[in-house]
Amino acid sequence: LDRTVRAQPWLGTYVSIAAQGKPSVVDKAIQAAFDTVAAVHHSLSFQNPCSELSDLNRLAQQRPVKVSAITFRVLQASVALAKASNGCFDPTMAGRLVRDGVLSPPNANPIDESANWQDIQLLSNRHVQFSRPLWMDLSGIAKGFAVDLAVQALKKNGVKAATVNAGGDIRLF
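None of the values given here were measured: they were computed from a predicted structure.

**Student:** Could you clarify how one ought to interpret the overall build of the protein in this entry?
**Tutor:** In terms of helices and strands, the protein carries five helices and seven strands. Along the chain direction, N to C, the helices and strands of the protein fall in the order β-β-α-α-β-α-α-β-β-α-β-β. A compact globule built from 173 residues should have a C-alpha radius of gyration of about 16 Å, and the protein, at 17 Å, falls within 12% of that. With respect to the principal axes defined by its C-alpha atoms, the protein has extents near 55 × 35 × 30 Å.

So this is what it looks like as C-alpha cells:
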C-alpha cells in the first residue's frame, strides 16, 4: 500500500494528514478530511474575520446570533467544560490573550474585562448571545474537534490507517 502525505494551513496552524491505501481511495479521503477541517475553520477560527466565531465576537453582545451545528456543538462542549472545571477552562480568554500580545485583536467591539464563560448564553434553535461584551477564542478545542472530524471522514471514505496532526492535536488509527 502507498503512503500519501498532505498538509494545508487551517485554524492558525498547519494540518497534515498521512494515510495508507490505494492512491485513488486515499486522495479522495484526504480531500474529504480537509473539507471537514475547512468547515471547522470557517466556523470557529479566531484568526478568520469571516468565521462564525468572529461574527459572535462582533455581534452577540448586541443580539442573538444563529450559528451552525458545528459552532453550537463546540460552544456547548466549551461551556460544559468551563462549568465542570469551575472556570479553569474559559473560552473567553481571548481578551486577556490580546491584551498580553499573544493574539492579534479581532475586528470587534471593545470587551468587558470582567466577562467570562458564564456570560455566554446558548439559546434555542442554535442562537448564541453574550450578556456582556467578550471575545472567545476556541482554537484549542476547535483543532481537536477538526482532527476528530477529519478521522471520521478518512474512515468513512475507506482509509484503514492514517495520522491527522493539527498543530500538535494528533490522532492516529
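**Student:** I would appreciate a short explanation of empty space enclosed by the protein in the present structure.
**Tutor:** It is the rolling of a water-molecule-sized probe over the atoms that shows where space remains empty. A full pass over the atoms with the stated rule returns one cavity of 30 Å³ or more. In this structure, the largest cavity encloses a volume near 60 Å³. If you trace the largest cavity, you find it lined by Thr92, Gly95, Arg96, Ile111, Asp112, Glu113, Ala115 and Leu134. A per-class count over the lining of the largest cavity returns three nonpolar, two polar and three charged.

**Student:** Got a minute to help me understand unusual backbone geometry in this structure?
**Tutor:** In terms of backbone geometry, most residues other than glycine have negative phi values and most peptide bonds are trans. The backbone phi angle of Leu11 is positive, close to 55°, even though this residue is not glycine. Within the element layout of this structure, Leu11 appears in the loop between strand S1 (2-10) and strand S2 (13-21). Among the residues examined, Leu11 registers a relative accessible area of 5% and is labelled buried. Phi angles above zero are rare outside glycine, and Arg126 is one such case at about 60°. Tracing the chain through its elements places Arg126 in the loop between strand S4 (120-122) and strand S5 (127-130). Owing to a relative accessible area of 33%, Arg126 belongs among the partly exposed residues under this scheme.

**Student:** Just to check I follow, could you spell out the packing of helix H1 (residues 23-44) against helix H3 (residues 69-84) for this structure?
**Tutor:** Angle between the axes and distance between the axes are the two parameters that describe a pair of packed helices. Interaxial distance between H1 and H3 falls to 9 Å at its minimum, and their mutual angle equals 70°. By the angle class used here, H1 and H3 are roughly perpendicular. Each of Ala39, Val40, Ser43 and Leu44 in H1 lies in contact with H3, whose residues at this interface are Ile70, Thr71 and Val74. A per-class count over the contact of H1 with H3 returns five nonpolar, two polar and no charged.

**Student:** Please clarify how the packing of aromatic side chains should be interpreted in this entry.
**Tutor:** The geometry of an aromatic ring pair is captured by two quantities: the separation of the ring centres and the angle between the planes. Going through the model one piece at a time under the given rule, you end up with zero aromatic pairs. The ring of Phe173 has Lys155 sitting right over it, with the charged end atom 5.0 Å from the ring centre.

**Student:** Any chance you could explain the sheet that holds strand S3 (residues 65-66) here in plain terms?
**Tutor:** Hydrogen bonds between backbone atoms are what pair the strands of a sheet, whose relative direction is either parallel or antiparallel. With antiparallel pairing, the three strands of this open sheet are ordered in space as S3-S5-S4. What marks the edges here is a single partner per strand, and that holds for S3 and S4. Here S3 runs beside S5; their pairing, made up of two bridges, is antiparallel. Residue Lys66 lies in a different strand from S5, and its bridge partner there is His127. Each of S4 and S5 touches H3; the most contacted strand, S4, lies at about 125° to it.

**Student:** How do you make sense of helix H5 (residues 139-156) when you look at a structure like this?
**Tutor:** Along an α-helix, residues three or four apart share an orientation, since each turn contains 3.6 residues. Compared with the 26 Å implied by 1.5 Å per residue over 18 residues, the 25 Å span of H5 between its first and last C-alpha is a close match. Three or more residues of H5 are buried, namely Ser139, Ala142, Lys143, Gly144, Phe145, Ala146, Val147, Leu149, Ala150, Val151, Ala153 and Leu154. Elements in contact with the buried residues of H5: S2, H1, H3, strand S6 (161-166) and strand S7 (169-172).

**Student:** Could you clarify how one ought to interpret the packing of H1 against H5 in this entry?
**Tutor:** Between H1 and H5, the shortest axis-to-axis distance is 8 Å and the interhelical angle comes to 155°. As summarised for this structure, H1 and H5 are arranged roughly antiparallel, according to the angle between their axes. Relative to H5, the crossing made by H1 is right-handed. Residues Ala29, Ile30, Ala32, Ala33, Thr36, Val37, Val40 and Leu44 of H1 touch H5, and the partners they reach there are Ala142, Phe145, Ala146, Leu149, Ala150, Ala153 and Leu154.

What counts, and where the lines are drawn
In this numbering scheme, every chain counts its residues from 1 along its sequence in written order. Whole-chain, interface and lining totals are the exception, using all residues; otherwise, since this is a predicted model, local features are given only for residues with pLDDT of at least 70 and side-chain atom pairs are given and counted only at 80 or more. Heavy atoms from the whole structure form the basis of all side-chain values; hydrogens and water molecules are not counted. Starting at the N terminus, helices and strands are each numbered in turn, a helix being any DSSP run of H or I of at least four residues and a strand any DSSP run of E of at least two. Put simply, the radius of gyration uses C-alpha atoms, and a globule should come to 2.2 Å times the residue count raised to 0.38. Every definition here rests on a 1 Å grid over the protein atoms only: cavities are sets of points where a 1.4 Å probe fits but cannot get out, pockets are open sets enclosed by protein on both sides within 12 Å along at least five of seven lines, and lining residues have some atom within 4 Å of a point. Grid points are joined across faces, edges and corners, and a volume is the space filled by probe spheres set on the points. Put simply, Ala, Val, Leu, Ile, Met, Phe, Trp, Tyr, Cys and Pro go in the nonpolar bin, Asp, Glu, Lys and Arg in the charged bin, and everything else, Gly too, in the polar bin. With a 1.4 Å probe rolled over the protein chains alone, any residue whose accessible area is under 20% of its type maximum counts as buried; one over 50% counts as exposed, and the rest are partly exposed. Only the contacting stretch of a helix is used when fitting its axis, a line to C-alpha atoms as for every element, and angles between N-to-C directions run 0 to 180 degrees. Note on terminology: angles under 35 degrees are roughly parallel, angles over 145 are roughly antiparallel, angles of 65 to 115 are roughly perpendicular, and the others are oblique. The contact criterion used is simple: two residues touch if any of their non-hydrogen atoms lie within 4.5 Å. Paired rings are identified among Phe, Tyr and Trp, the last through its six-membered ring, by centres lying within 6.5 Å, and are further divided according to the angle between planes into stacked (under 30 degrees), edge-to-face (over 60) and tilted (the rest). Any Lys NZ or Arg CZ found within 6 Å of a ring centre and within 35 degrees of that ring's normal is scored as a charge over the ring. A pair of strands is considered paired only if DSSP assigns at least 2 bridges between the two. Between the first and last residue of a helix there are one fewer steps than residues, each counted as 1.5 Å, and that sum is the expected span. Crossings are assigned a handedness: left-handed for a near helix turned anticlockwise from the far helix by less than a right angle, right-handed for a clockwise turn.

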